[in-house]
Amino acid sequence: MAQESKIKRIAAVGDIHVRESDKGKWQEFFKEVSKSADVLVIAGDLTDTGDEGEAQVLSEELRACSIPVVAVLGNHDFEKGRQKLIRQIVQKEDVHILDGEAVVVGDIGFAGVKGFGGGFDNHMLSMFGEGAMKAFVQEAVDEALRLDRALARLDAENDAVTRKVVLMHYSPIKETVIGEPEPIFPFLGCSRLSEPLNRRDVLAAFHGHAHVGSLEGKTSSGVKVFNVSKPVLVKAGYKYPFFVFEP
């Protein structure tokens, strides 16, 4: 897609959990996406068990997708420690796997991170206590900082960018994980991830991970956030489980 073209529709889905037995399963899905939008974002959990064989199947299936793809990895993609290999297999000229980076498609700058847990609002975990607890909190802090840097680079380096969109796997707000058991909220996302969205004038953010969460919410400053986990979209009645956002 030419850099000067205007993006009118963004298709979004997360948690596709591709398996090695899925050969041929996703081709119709990606063809339908290509007819419905100008770019596809995938909000993590590209593979089911973090295996490179699953990544290879996804790479083959994505040949049916004729529009640019922007994605991040999820916790399932990290399961076997092969996340770098998965990224290498899936990423190609029109498939961008972001990990603290940004890419411009048309007139939109996309910034992406995996994100991490830590809890929401007044119930966020704090940097106090055992080393293991501090390391858990630090991971979320680091992911938020990496997202902020990616958005800052879009502001500084790309005059063609008129709108910014963020994708991540973990949720930046509580509203879109409601429906999940409340005791696991700290493992579904963290409010620290919403700080760059509010500060950097982001148009919208997409995430997955919370399979029985809620489709839509907003940050404290009004940035739209969408939980596009495939199970959420299926439950919402989408025939083809992808959400279309018109910027």
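The rules behind each value
- Residues numbered from 1 in each chain as written.
- Predicted model: local features only at pLDDT ≥ 70, side-chain atom pairs only at ≥ 80, totals over all residues.
- Heavy atoms only, no water.
- Core = buried A, V, L, I, M, F, W, Y, C linked by side-chain atoms within 4.5 Å.
- Buried < 20%, exposed > 50% of the residue type's maximum accessible area, 1.4 Å probe, protein only.
- Helix = DSSP H or I, 4+ residues; strand = E, 2+ residues; numbered from the N terminus.
- Contact = heavy atoms within 4.5 Å.
- Pairing = 2+ DSSP bridges.

### A word on the nonpolar core
Counting 50 residues, the largest nonpolar core has Ile 10, Phe 30, Leu 40, Val 70, Phe 110 and Phe 206 as its most contacted members. Element by element, the count of residues in this core is highest for strand S2 (residues 39-43), at five residues. Residues contacting Val 70, with those up to four places away along its chain left out, are Val 39, Leu 40, Val 41, Ile 42, His 96, Leu 98, Val 103, Val 105, Phe 110 and Leu 167. Formed by 22 residues, the second largest nonpolar core is a distinct cluster that contains Tyr 170, Cys 190, Val 202 and Ala 205.

### Remarks on the environment of Gly 112
You can see Gly 112 is positioned in strand S6 (residues 108-112). Given the relative accessible area of 0%, Gly 112 is considered buried. Separated by 104 residues in sequence, Gly 112 and Lys 8 have C-alpha atoms that sit 20 Å apart. In contact with Gly 112, not counting residues within four places along its chain, are Val 72, Leu 98, Asp 99, Gly 100, Glu 101 and Leu 167.

### Points about the pairing of strand S5 (residues 101-105)
Across five bridges, S5 lies against S6 in antiparallel orientation. The residue bridging Val 105 from the neighbouring strand is Ile 108, located in S6. The turn linking S5 back onto S6 is made up of two residues, and Gly 106 within it adopts a positive phi angle of 60°.

Geometric values such as these leave the question of function open.
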